[in-house]
Amino acid sequence: MSTTTTATGTLSVGVATRETKVKRTDTATHWQLMWWKFRNHKMALLGGSILAIMAILSLFAEFVGPYTPQERTAKYAQGRPMGFHFIDAENSFHLRPFVYARVAKRNKVTLRMETTVDKTEMWPISFFVRADKYKMWGLFESDLHLFGLENNRHFLHLLGTDQLGRDMFSRVLYATRTSLSIGAIGVGLAFLLGITLGGIAGYFGGMVDGVIMRLIEFIRSIPTLPLWLALAAALPREWTALQVYLSITAILALIGWTHLARRVRGKLLALREEEFVLAARLSGCSHARIVTRHMLPSFMSYMIVDLTISFPYIIMAETALSFLGLGMREPIVSWGVLLYSAQNIRSMVLMPWLLIPGLVVIIAVIAFNFLGDGMRDAADPYTK
Amino acid sequence: MEPLIKIRDLDVTFPIGKSGFFGKPTAYLQAVSGISLDIHKRETLGLVGESGSGKTTLGRAILHLEKPTRGKVELRLDDEYVDLEDLNTKELRKIWRHMQMVFQDPYASLNPRMTVREIIAEPLVVNRKGNKNDILEKVEKVAEMCGLQRDQLGRYPHAFSGGQRQRIAIARALALMPQFIVSDEPVSALDVSIQAQILNLFKELQNKLGLTYLFIAHDLATVAHVCDRVAVMYLGQIVELTETEKIFYSPKHPYTEALMSAIPDIDPDRKMNPVLSSGERPNPANPPSGCRFHTRCRYVEPHCKEVQPELSEIVEGHFVACHRAESLTLQGAIE
Ligand SMILES: Nc1ncnc2c1ncn2[C@@H]1O[C@H](COP(=O)(O)OP(=O)(O)OP(=O)(O)O)[C@@H](O)[C@H]1O
Ligand code: SF4
Ligand SMILES: [Mg+2]
């Protein structure tokens, strides 16, 4: 068990001192060992990368997305995703990707406006174009976009548009930002509450522990979905989008913390009896030193795993609430909000691209699970 | 001679089985029950008993790592006895400079996130034993004494085998130069081939530093080589206490005799008594009435079930808690 032969660990440096050979793992810190073990999990790495890409792209949604989420291209409402190409109809290659032009025509039978692809005209995609003005993170103004079309009478909708002609690609980006940030803030809040109350319970024990544990059991005994629904439904309709956003996050965290508090308490109680903690007491360490030097470090890796695992629950909870029309509302877009507008059968059949946010949710949840698996394994780097 | 440590009427009771709104305990388990014991300077006192008999709890209670529910422990310091009961947390930390412990599981007793150097240095650092260089020098000295090489000190515990980890744990316990060390089954987690090395290290260190040990083990065989006296524990009580030789030549308590029969090949010609099976071990939360051993004793009499025998000195220096101690002739391991 103590041997140093993890798959990556056998790379001995080859320095032989007396009869002992120094292996790289011998002097590796706990975090290094965890990283070495983690990176053996290809799926976890994949999950982590997907989430990192999602986070970065959505963090800069204003810049990456060619449109703002509420902007409409009326003449391309309910438009299909526009594929981009490098090779045109005449088989000649263009270094700059392009989309084919769209022309709107009224269908003589159904009398509806329909757009058709005009393969004779190409709209080249430019990078770092000046287009619509936006306010980055609500702070400073800019009109620089990662990509777009130079001609502002043309339009570019990689993932199509919704009923009102709003760009799905940009909306998914903004929604990703909302949903991931709710997950992050929610998990953060839950963690804070959990670690404080669980820590108090686990450290003091006795009566305090009893009261906190009873409270937790009470909260946990309430079925979650009805509770969420009730709380969310109680939010005043006239609240601003930001207020709703913050309260929904708080509601999700308020319920999520109980699980974490229990884990924190259980781990603290177990750690208190660990032999190395007893040894630290005998060494004369103060309570503060025991907690910070001995208990917290061995506890953080487990907590990080727990956080990763609870992330998708909060995200799915938000998605579910918004999908039911009780969570976020326009003009804020989240995954749930986007799916809410894809709810009816007609749009599912006629505009399947409106379900793309659902695909993103699934990918994110799976990525979180892969990541969590790898982290769980890496949290205990001493076993093979 | 005045003992180094005096233990009087020590009880340690654990609440078990919580219920009710505030988790009031529904039952209590007396892990250590009315133990009185003297530990003399420079001796090695063995403490033997089956799993669950309360050895670890007694060891920890002596150091006040576990607060006793009743009774007291006194340590002789500069010709005066200090009652550990009177000390607050800060004063206890100071007393622990004189009393230390080596734990049973060398895989659990070292913080995996600290290098060996940091582990051994910690007691010196928190007790402010000199500046950084003094401390590093002391660490190297004590590590060398415990058979660790200087170039191993920068590594983390996971780089070491069980035996070497136990050396690290011993070095940490010795860093403050204590007088008294509780070693809780320090070799039971190690390979048999390594055990002797560690036991020798204990002996060497004792000779060099004049240490006093409480040496916990669950079988008599380990104790035979290292201990001057042996205390045999059963369900939280001491049932026999005397010099190691007497325990092996002329045990006076039926439980000691039974333990002896469990030692493999100490004398192959000897007729083996049936080994105690752990299946019939009584629940420590609900010990038998009278003599706690009566449910498993071969020599039980009706009287034993009602009256609890006191630990009394039947021969000079030989304490036994058995009603029939003086009339029985029991079989030792060595005739
Ligand atoms: N913190 C605790 N709370 C409740 N019961 C405990 C606690 N610590 C020990 N016990 C109980 O006290 C009894 C004595 O335990 P102890 O660990 O002292 O035995 P031991 O002789 O050291 O056994 P082993 O050989 O297995 O180490 C056991 O029945 C154990 O279950
Ligand atoms: S007192 Fe009785 S039951 Fe107890 S050990 Fe002695 S003979 Fe056995
Ligand atoms: Mg024990």
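These numbers were taken from a predicted model, which means no experiment stands behind them. (Residues numbered from 1 in each chain as written. Chains lettered and ligands numbered in written order. Predicted model: local features only at pLDDT ≥ 70, side-chain atom pairs only at ≥ 80, totals over all residues. Heavy atoms only, no water.)

1. Looking at the overall build of chain A
A count of helical and extended segments in chain A gives 12 helices and 7 strands. At 27 Å, chain A has a C-alpha radius of gyration far larger than the 21 Å of a compact globule built from 384 residues. Principal-axis analysis of the C-alpha atoms places the extent of chain A at approximately 90 × 60 × 40 Å. Burial statistics for chain A: of 384 residues in total, 45% are counted as buried. Considering only residue pairs separated by 6 or more positions, chain A has 65% of its internal contacts joining residues 24 or more positions apart. On chain A, roughly 19,400 Å² of surface is accessible, and the fraction owed to carbon and sulfur atoms is 66%. The centroid of the 39 positive side-chain charges in chain A is displaced by 2 Å from the centroid of its 27 negative side-chain charges. (Helix = DSSP H or I, 4+ residues; strand = E, 2+ residues; numbered from the N terminus. Rg over C-alpha atoms; globule rule 2.2 N^0.38 Å. Buried < 20%, exposed > 50% of the residue type's maximum accessible area, 1.4 Å probe, protein only. Contact = heavy atoms within 4.5 Å. Areas by Shrake-Rupley, 256 points an atom, 1.4 Å probe, with all protein chains shown as cover. Lys, Arg positive; Asp, Glu negative; His and termini not counted. Charge placed at Lys NZ, Arg CZ, Asp CG, Glu CD.)

2. Some points on the site of ligand 1
All names here are of chain B. Near ligand 1, the surroundings consist of 14 residues, among which Ser51, Gly52, Lys55, Thr56 and Thr57 are the closest. In the model, an oxygen atom of ligand 1 is placed 2.8 Å from a nitrogen or oxygen of the Gly52 main chain. Within the side chain of Thr57, an N or O atom sits 2.4 Å from an oxygen atom of ligand 1. The protein chains hide 67% of the 640 Å² of surface that ligand 1 would expose on its own. Residue contributions to the shell around ligand 1 peak at 3 residues, all from helix α1 (residues 55–62). (Near = heavy atom within 4 Å. Polar contact = N/O pair within 3.5 Å; in protein donor to acceptor, adjacent residues only side chain to side chain.)

3. Things to note about the interface of chain B and chain A
Frequently, the measure chosen for interface size is the accessible area that the parts lose on association. At the junction of the two partners, chain B supplies 41 residues and chain A supplies 41 residues. Buried surface at the junction of chain B and chain A, summed over both partners, amounts to about 3,500 Å²; 55% is from carbon and sulfur atoms. Our enumeration of links across chain B and chain A arrives at 2 salt bridges. Between the two partners, chain B and chain A, sit 9 residue pairs in polar contact (both at pLDDT 80 or more). Of all the elements, helix α3 (residues 116–126) of chain B adds the most residues to the side of chain B that touches chain A, at 4 residues. Looking at the side of chain B that touches chain A residue by residue, the class counts come to 19 nonpolar, 12 polar and 10 charged. (Buried area = accessible area lost by both parts, 1.4 Å probe. Salt bridge = Lys/Arg side-chain N within 4 Å of Asp/Glu carboxyl O. Nonpolar A, V, L, I, M, F, W, Y, C, P; charged D, E, K, R; others polar.)

4. Notes on the domain arrangement of chain A
Residue and element names in this part refer to chain A. For chain A, the domain assignment lists domain 1 (48–57 + 171–379) and domain 2 (74–162). Listed by partner, the interface residues are 7 residues for domain 1 and 10 residues for domain 2. Contact between domain 1 and domain 2 buries roughly 730 Å² in total, counting both sides, with carbon and sulfur atoms accounting for 62%. Contact with domain 2 buries surface across domain 1, with Met351, Trp353 and Ile356 losing the most and accounting together for 55% of the total. Applying the counting criterion to the domain 1 and domain 2 interface returns 1 salt bridge. Linking Arg171 and Asp162 is a salt bridge whose minimum nitrogen-to-oxygen distance equals 3.6 Å. (Domains from an automatic or database assignment.)

5. Remarks on the site of ligand 2
With respect to spatial proximity, the complete set of residues near ligand 2 consists of His253, Pro254, Cys291, Phe293, His294, Cys297, Tyr299, Cys304, Cys322, His323 and Arg324 of chain B. Here the shell around ligand 2 is built from residues that sort into 7 nonpolar, 3 polar and 1 charged.

6. Re the sheet that holds strand β8 (residues 212–217) of chain B
Backbone hydrogen bonds hold the strands of a sheet together, and the pairing may be parallel or antiparallel. Residues and elements named next belong to chain B. Here 8 strands make up an open sheet; going across it, the order is β6-β7-β8-β3-β9-β10-β12-β11 and the pairing mixed. Two strands close off the open sheet at either side, each with one partner strand: β6 (99–102) and β11 (312–315). Each neighbouring strand pair of the sheet contributes to a mean axis angle of 25°, computed without reference to strand direction. For strand β9 (residues 229–234) and strand β10 (residues 237–243), the ladder comprises 6 bridges, and the chain directions are antiparallel. Following the sheet pairing, Val232 is matched in β10 by Glu240. The sheet contacts of helix α5 (residues 162–174) involve β6 and β7 (180–184), and relative to β6 the element is tilted by about 175°. (Pairing = 2+ DSSP bridges. Axes fitted to C-alpha atoms, helices over the stretch in contact; angles between N-to-C directions.)

7. Here we look at the environment of Val125 of chain B
Residue and element names in this part refer to chain B. Here Val125 is to be found in helix α3. What makes Val125 partly exposed here is its relative accessible area of 39%. Sequence separation between Val125 and Leu136 is 11 residues, and the spatial gap between their C-alpha atoms is 9.9 Å.

8. Quick notes on the nonpolar core
Counting 71 residues, the largest nonpolar core has Leu51, Trp228, Ile248, Leu252, Met328 and Trp335 of chain A as the members making the most contacts within it. Looking at this core, the element that brings in the most residues is helix α7 (residues 241–272) of chain A, giving 13 residues. For Met328 of chain A, the residues in contact, after removing those within four places along its chain, are Ile182, Val244, Tyr245, Ile248, Glu318, Ser322, Ser334 and Val337 of chain A. Residues Met145, Leu201, Leu205 and Leu259 of chain B belong to the second largest nonpolar core, which totals 61 residues. (Core = buried A, V, L, I, M, F, W, Y, C linked by side-chain atoms within 4.5 Å.)

9. Side note on the packing of helix α8 (residues 275–282) of chain A against helix α9 (residues 287–323) of chain A
Residues and elements named next belong to chain A. Where α8 meets α9, the axes come as close as 10 Å, and the angle between the chain directions of the two elements is 170°. Put simply, α8 runs roughly antiparallel to α9. Contacts from Phe276, Val277, Ala280 and Arg281 in α8 reach Ile290, His294, Met295 and Ser298 in α9. Of the residues contributing to the contact of α8 with α9, the split by class is 5 nonpolar, 2 polar and 1 charged. (Parallel < 35°, antiparallel > 145°, perpendicular 65-115°, else oblique.)

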